[in-house]
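Topology and contacts: notes
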Amino acid sequence: MSYSVNSEEWHTNNKPDNSNTFQGSSGEFGAMIFMTTDSQKMLNNWEAPTPGYHILPSENVEKGQPIEALVLFSGCSANADGNCIAEVDYQILKPDGSIYAEYKNTELWKNKPALPKGQLGLAIDRVGLIAEDNDPIGVYKVTCVVKDLVSNNKFFIYSSFKVNEANNTP
């Protein structure tokens, strides 16, 4: 079972891209967040050995449909035992900017061997939501503070998605 793929940099439309708010870095430590409505398919594809991974993010979701935030990372520092200790603080904001949910100190990669240079890892803990009938429609924002507790490097990234009314047409 593999939790990583080889990649030297982030790409958008097959071109190197380090300018987006959904990705960030501090020192050698970097991460990106994306939203998906089919996390199981993504996780199954992640396990398949490939030279890279093409991500098809989701930006829209209907009420009642799940959407999940996935964080990819690279370059977390090894402690004296050769292990990485990295966490993510997640916050989901409603369209009006109020807090929908908050999760502190979730596991990005804790007490697991640091990945070789240039290899990507997938966060162990993930967050998501299913917008209920009484939740507002509009753009939700998922913010992350990504922390390498060995090097004390940290940075902020975020993504967003739009919740629409459910299409109840048969």
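Residues numbered from 1 in each chain as written. Predicted model: local features only at pLDDT ≥ 70, side-chain atom pairs only at ≥ 80, totals over all residues. Heavy atoms only, no water.

Quick look at the overall build of the protein chain
- A tally of helices and strands in the protein chain yields one helix and 13 strands.
- For the protein chain, with 170 residues in total, the buried portion stands at 41%. (Helix = DSSP H or I, 4+ residues; strand = E, 2+ residues; numbered from the N terminus. Buried < 20%, exposed > 50% of the residue type's maximum accessible area, 1.4 Å probe, protein only.)

Some details on the sheet that holds strand β12 (residues 138-148)
- The sheet built from five strands is open, its strands ordered β6-β13-β12-β8-β9 with mixed pairing. Every interior strand has two partners, whereas the edge strands, β6 (60-62) and β9 (99-113), have only one. Direction aside, neighbouring strands of the sheet carry axes that sit 25 degrees apart on average.
- Two strands pair when backbone bridges link them, and strand β8 (residues 83-93) and β9 are joined in this way by ten bridges, in the antiparallel orientation. Bridge pairing in β9 links Cys84 to Lys112. (Pairing = 2+ DSSP bridges. Axes fitted to C-alpha atoms, helices over the stretch in contact; angles between N-to-C directions.)

Focus: the nonpolar core
- Counting residues in each nonpolar core, the largest one holds 31 residues, and the members touching the most others are Val71, Tyr90, Leu108, Val142, Cys144, Val146 and Phe161.
- Listing elements by their share of this core, those giving two or more residues are β5 (29-36), β7 (66-74), β8, β9, β11 (127-130), β12 and β13 (153-164).
- When residues of this core are assigned to their parent elements, the largest contribution, five residues, is made by β8.
- Judged by nonpolar contacts, the second largest core, of seven residues, contains Met32, Leu43, Leu70 and Leu122. (Core = buried A, V, L, I, M, F, W, Y, C linked by side-chain atoms within 4.5 Å.)

Digging into the pattern of salt bridges
- By the definition in use, this model includes eight salt bridges.
- Lys63 is paired through a salt bridge with Glu165; the nearest N and O atoms lie 3.5 Å apart. Taken together, the residues Lys63 in the loop between β6 and β7 and Glu165 in the segment after β13 connect sequence positions 102 residues apart.
- With a shortest N-O distance of 3.3 Å, Arg126 and Glu68 are connected by a salt bridge. In this pair, Arg126 is assigned in the loop between β10 (119-122) and β11 and Glu68 in strand β7, connecting sequence segments 58 residues apart.
- The class for Arg126 is partly exposed, based on a relative accessible area of 29%.
- Relative accessible area serves as the criterion here: at 16%, Glu68 is assigned to the buried category.
- Each member of the salt-bridge network shares a partner with another, and the members are Glu87, Asp89, Lys110 and Lys147. (Salt bridge = Lys/Arg side-chain N within 4 Å of Asp/Glu carboxyl O.)

What about the state of the cysteines?
- Applying the stated rule across the entire model yields one disulfide.
- Disulfide pairing places Cys76 opposite Cys84 at an S-S distance of 2.0 Å. Negative torsions about the S-S bond denote left-handed disulfides, and the value of about -140 degrees found for Cys76 with Cys84 makes this one left-handed.
- Owing to a relative accessible area of 0%, Cys84 belongs among the buried residues under this scheme. (Disulfide = S-S within 2.5 Å.)

A closer look at the confidence of the model for the protein chain
- Confidence in the prediction of the protein chain, expressed as mean pLDDT, is 83, and 78% of residues score 70 or more.
- Taking the mean pLDDT of every element in the protein chain, the minimum, 32, falls on strand β1 (residues 4-6) and the maximum, 97, on β8.
- A low-confidence stretch, residues 1-11 stays under pLDDT 50, and its non-local contacts, those more than four residues away or across chains, total 41 contacts. (pLDDT = per-residue confidence, 0-100. Contact = heavy atoms within 4.5 Å.)

Side note on the environment of Met32
- Mapped onto the secondary structure, Met32 falls in strand β5.
- According to the relative accessible area criterion, Met32 is buried, its value standing at 10%.
- Between the alpha carbons of Met32 and Leu70 there is a distance of 8.3 Å; along the sequence they are 38 residues apart.

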